[in-house]
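Geometric and topological summary
This is what each chain is made of:
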Amino acid sequence: MRAEIDALFASDHDLVKVIEDVARLGARLIIQTAVEAEVDAFLGRALYQRAAAVTADVSGGEESPVRPGYRNGHCPTTVKTTSGPITIARPKLRGTTEKFASRLFGTGITRTHALEALVIASFVRGLSTRDVEGTLADALGPEAALSKSTVSTICQAIVAEYDAWCRRDLAAVELDYLFLDASHFKMHDGQRAEPILAAWGITTAGRPVFVGLAVAGSESTDGWHDFLTDLVARGLRPPLLIVSDGAPGLISAAEQVLAPSLRQRCLVPRARNVLAKGSASDKAEVKAAYWQIFDLTEMGDDVMPGQQLVDWVQQRIDAFAETWAARYPAAVKCLLSDRQSLTTYLRFPTEHHKRVRHSNFIERTFGETRRRVKVIGRFPGETSCVSLVWAVLDRAARVRRGFTTTSNGLRILHDLRRALLHPPAQLHQTDDPALAPVTEAA
């Protein structure tokens, strides 16, 4: 089932369809794991483990917990959920002195109105023991609640995997591009939605990598500063380019913690900001004019990244402002604020332009996560929320298409890396400003 989930994310299908299929597979996975753990507890031994071997390990004169009997295949059982029916392989036993009755299925559960919560939990597979017990009890009734040991068995592996991921060393991760974004989720009863901060990147080898994830009290400078500082403390080096929205706290923290890196403001939310300040009747025209600013098709195949291209697009921004300033001054003012960060990506290889001028990957995945959360209103707690977001982003990032770079693009990235991250040291002190190193601001 885990292989099927990974295969779905690796497919070229629409992300919405993939998420729905993964939801059903995830529900199958957690229920199947739970019922197999019930059989292990009932027989007193794991699959393929002999009763004699288990009995020999029992010491201290205590009665052996091993029961007579053995597994005898499975029979299909269908459970209907709001995401569609799922089929579980229900274990069959023979040679037992007492009848096995699953507390998960009872005598034959086929439908539950609360199983959508279990579908959410199947994404997570990392809730606390109490959270999973409560989720299963709500979905299947108190009589179907699992024992703490069974729930712990289900959750232990994924919790360990997530905890290790949060502490892993990042010294070997060298990035060309770092994408930062946040999304808000309700995690505590009666409280406002709180942000989860996420970071993913593209390595110098062109491969995608999910870098970091953390819950924050707010998207303040302190929240983002702590998040980025933790990544740096674990060995992450500054990337060439940071791609983000215009959140002031994020921008301030990035400029403090990752000072050598250039910054690109995501063009998509800036387009929304501009369009929100115009009338509906002109929305289509203004939108077309906005995206025309960044359209380089008329330049053909001879586009050369660099300052000259940046200046050319900045002239287009001036032309847009001149056209619309009289009718929509607020929209023009919005566009002109922080205008330099809208064109930073033009310094980078042209084959990367359409993918580094926005952070749509994280935004779209966050959107799918929020859509599923609406079913239950809020998460059972912070652990379940961050685990869900991690599970979705981690699998999606693992199969995310990497970046292909031409020989000319590699040269551009090399030159940028040398200028930004490894500037030549000045051998002799001088008072002549003409001989001083050229900074990025210059």
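This write-up is about the structure you can find in this document.

Reading the values: rules and limits
Residues numbered from 1 in each chain as written. Predicted model: local features only at pLDDT ≥ 70, side-chain atom pairs only at ≥ 80, totals over all residues. Heavy atoms only, no water. Buried < 20%, exposed > 50% of the residue type's maximum accessible area, 1.4 Å probe, protein only. Helix = DSSP H or I, 4+ residues; strand = E, 2+ residues; numbered from the N terminus. Pairing = 2+ DSSP bridges. Right-handed = clockwise from strand over helix to strand, strands pointing away. Axes fitted to C-alpha atoms, helices over the stretch in contact; angles between N-to-C directions. Phe/Tyr/Trp six-rings, centres within 6.5 Å; stacked < 30°, edge-to-face > 60°. Parallel < 35°, antiparallel > 145°, perpendicular 65-115°, else oblique. Left-handed = near helix turned anticlockwise from the far one by under 90°. Contact = heavy atoms within 4.5 Å. Nonpolar A, V, L, I, M, F, W, Y, C, P; charged D, E, K, R; others polar. Expected span 1.5 Å × (residues − 1).

Some points on the pairing of strand E7 (residues 262-265)
Burial of E7 is two-sided: the residues Leu 262 and Gln 264 facing one way and the residues Arg 263 and Arg 265 facing the other way are all buried. When strand E6 (residues 241-244) meets E7, the two strands line up parallel, connected through four bridges. Bridge pairing links Ile 242 to Arg 263 in E7. In the classification by handedness, the crossover that spans E6, the intervening helix H8 (residues 248-257) and the parallel E7 is right-handed.

So, the sheet that holds E6
In spatial order, the strands read E5-E4-E3-E6-E7; together these five strands make up an open sheet with mixed pairing. Strands at the two margins of the open sheet, each flanked by one partner only, are strand E5 (208-215) and E7. Taken over all neighbouring pairs, the strand axes of this sheet differ in orientation by 20° on average, direction set aside.

Side note on the packing of aromatic side chains
For any pair of aromatic rings, the description consists of the separation of the ring centres together with the inter-plane angle of the planes. Summed over the entire model, instances satisfying the criterion amount to ten aromatic pairs. Taken together, a centroid distance of 5.7 Å and an interplanar angle of 80° make the contact between Trp 224 and Phe 227 edge-to-face. A residue pair is termed a helical-turn pair when its members lie 3 or 4 positions apart in one helix, as Trp 224 and Phe 227 do in helix H7 (residues 221-233) at three residues. Accessibility expressed as a relative area gives 0% for Trp 224, which makes it buried. Ring plane angle 40° and centroid distance 6.5 Å describe the contact between Phe 320 and Trp 324, whose orientation is recorded as tilted. In this pair, Phe 320 and Trp 324 both sit in helix H11 (residues 307-324), four residues apart, roughly one turn of the helix. The same class applies to Phe 320 as to Trp 324, namely buried. Here a set of aromatic residues connected by ring pairs shows up, and it is made of Tyr 177, Phe 348 and Phe 403.

What about the packing of H11 against helix H12 (residues 329-336)?
Packing of H11 against H12 brings their axes to within 9 Å, and their N-to-C directions diverge by 165°. Judged on the interaxial angle alone, H12 and H11 are roughly antiparallel. Crossing of H11 against H12: the hand is left-handed. Across from Ile 317, Phe 320, Ala 321 and Trp 324 in H11, the residues of H12 making contact are Pro 329, Val 332, Leu 335 and Leu 336. Each residue belonging to the contact of H11 with H12 can be placed in one class, and the counts come to eight nonpolar, no polar and no charged.

With respect to helix H16 (residues 407-420)
Compared with an ideal rise of 1.5 Å per residue, which puts 14 residues at 20 Å, H16 spans 20 Å between its outermost C-alpha atoms and is within 8% of the ideal. Each element contacted by the buried residues of H16 is listed here: strand E3 (175-185) and E7.

Here's the deal with the packing of H7 against H8
Helix packing for two helices is described by the angle between their axes and how far apart those axes are. H8 packs onto H7 with a crossing angle of 35° between their chain directions and a minimal axis gap of 8 Å. Judged by the sense of rotation from one axis to the other, the crossing of H7 with H8 is right-handed. Across the interface between the two elements, Thr 221, Trp 224, His 225, Leu 228, Thr 229 and Val 232 of H7 pack against Pro 248, Gly 249, Leu 250, Ser 252, Ala 253, Ala 254, Gln 256 and Val 257 of H8. Counted by class, the contact of H7 with H8 contains eight nonpolar, six polar and no charged residues.

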